[in-house]
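Letter by letter, the chains look like this.
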Amino acid sequence: MDWTRREVLGGAVAGLGLAALPATAQVTGGRIVTLDAFPSRHVAARKVLVWLPAAYDARRSARFPVLYMHDGQNLFDGKSAFAGEWGVDEAIARMAARGDLRDTIVVGIVNTAARYREYFPEKVAAHLPEAYRAAVLEMAGGPLLGDAYLRFMVEELKPAIDRQFRTLAGSADTSVMGSSMGGLISLYAIGEYPRVFGQAACLSIHLPLAAPMAPYSRPPEGPEAVARALRAWLVGSAFDPARNRVYLDHGTMTLDAAYPPFAKAVEAILPTLGWVPGRTFELRSFTGTEHNERAWRERIDIPLGFLDRRR
């Protein structure tokens, strides 16, 4: 398996994330509630880490917006992460103290060995050219599970979170965010369930879908094929640019170096579907940044601010 394929699949240790996590992730503010082996009828059971900001305990009658994030073991504690931490708890606390963000509950969903399969936007694959679709399925090594993963989030996890914690449960106060393949499933979530997730942030979104420099995915044919597939899926989805917003970005180094042509092709189709640049969608490029948690940590204030922006 080459380096690029390891990055797409989530790293050689991605499947070890569950076993590597300590009982409780350590945070500098607020507290973590760990839901061990959260059961599902749709996907494998997994650990879920719920971060409650300090304001949750200080304001006992208040309800809070919720941010659902993928690769949950990499969000809060570098000692429990397999690839470094995002520092989400510190960022939200810092921004909330400045008045730039509401105090927000973060639900970190730990990934499994089926990460690529679970994070793949399943209906998009049907619109890819045959060779491209075959490459995706070869990389997956089994059935795509994006639809099942979203059913787990929407039908099982979110209702449990809303029962157990003081949440603002409406779509305007429910966001989803992830990076790389986690960015893809975040985009897919807002298209498939726009009345559940009001806004999505997709950092270093893996728009090539599979290996970015393979023959089937090279520019210009590869980016154009992906853009057409995304457009065909979005046209048939319930996504409403009048009520839903999405943030996308990429760097220019390591795996992100392959992303600009794909981002440009996708950016061109969004206004044709009713998305308004700077208002309902934003696509940013960060020159010189890599495809890793350190890079996402350094710019996390930007997508967090976008997600909680008042209309």
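An account of the accompanying structure is given in this report. (Residues numbered from 1 in each chain as written. Predicted model: local features only at pLDDT ≥ 70, side-chain atom pairs only at ≥ 80, totals over all residues. Heavy atoms only, no water.)

### Describing unusual backbone geometry
Here Pro219 and Pro220 are connected by a cis peptide whose omega angle stands at -5°. With respect to the secondary-structure elements, Pro220 resides in the loop between strand S6 (199-203) and helix H10 (221-236). Non-glycine residue Ser180 carries a positive phi angle of around 60°. Within the secondary structure, Ser180 is located in the loop between strand S5 (174-179) and helix H9 (181-192). Phi is positive for Thr254, close to 50°, though the residue is something other than glycine. Inspection of the secondary structure puts Thr254 in the loop between strand S7 (245-251) and helix H11 (260-269). (Helix = DSSP H or I, 4+ residues; strand = E, 2+ residues; numbered from the N terminus.)

### What about empty space enclosed by the protein?
Vacant regions in the atomic arrangement are exposed by a probe of water-molecule size rolled over the atoms. The tally for this structure, following the rule as stated, stands at 3 cavities of 30 Å³ or more. Here the largest cavity is characterised by a volume of approximately 110 Å³. Contributing to the lining of the largest cavity are 13 residues, with Leu67, Thr104, Ser175, Leu307 and Asp308 lying nearest its centre. Among the elements of the structure, strand S3 (66-69) and helix H13 (301-307) are those that each provide at least two residues to the lining of the largest cavity. Broken down by class, the residue content of the lining of the largest cavity amounts to 7 nonpolar, 3 polar and 3 charged. (1 Å grid on protein atoms, 1.4 Å probe; cavity = no way out; pocket = protein on both sides within 12 Å on 5 of 7 lines; lining within 4 Å. Points joined across faces, edges and corners; volume = space filled by probe spheres on them. Nonpolar A, V, L, I, M, F, W, Y, C, P; charged D, E, K, R; others polar.)

### Re the environment of Tyr216
With respect to the element layout, Tyr216 can be found in the loop between S6 and H10. A residue is classified by how much of its surface remains accessible, and Tyr216, at 23% relative accessible area, is partly exposed. Between the C-alpha atoms of Tyr216 and Pro129, which are 87 residues apart in sequence, the distance is 9.0 Å. Discounting residues that sit within four places of it in the chain, Tyr216 has contacts with Tyr132, Ala135, Ala210, Ala211 and Gly222. Looking at Tyr216, its side chain comes within polar contact range of the main-chain nitrogen of Ala211, at 3.4 Å. (Buried < 20%, exposed > 50% of the residue type's maximum accessible area, 1.4 Å probe, protein only. Contact = heavy atoms within 4.5 Å. Polar contact = N/O pair within 3.5 Å; in protein donor to acceptor, adjacent residues only side chain to side chain.)

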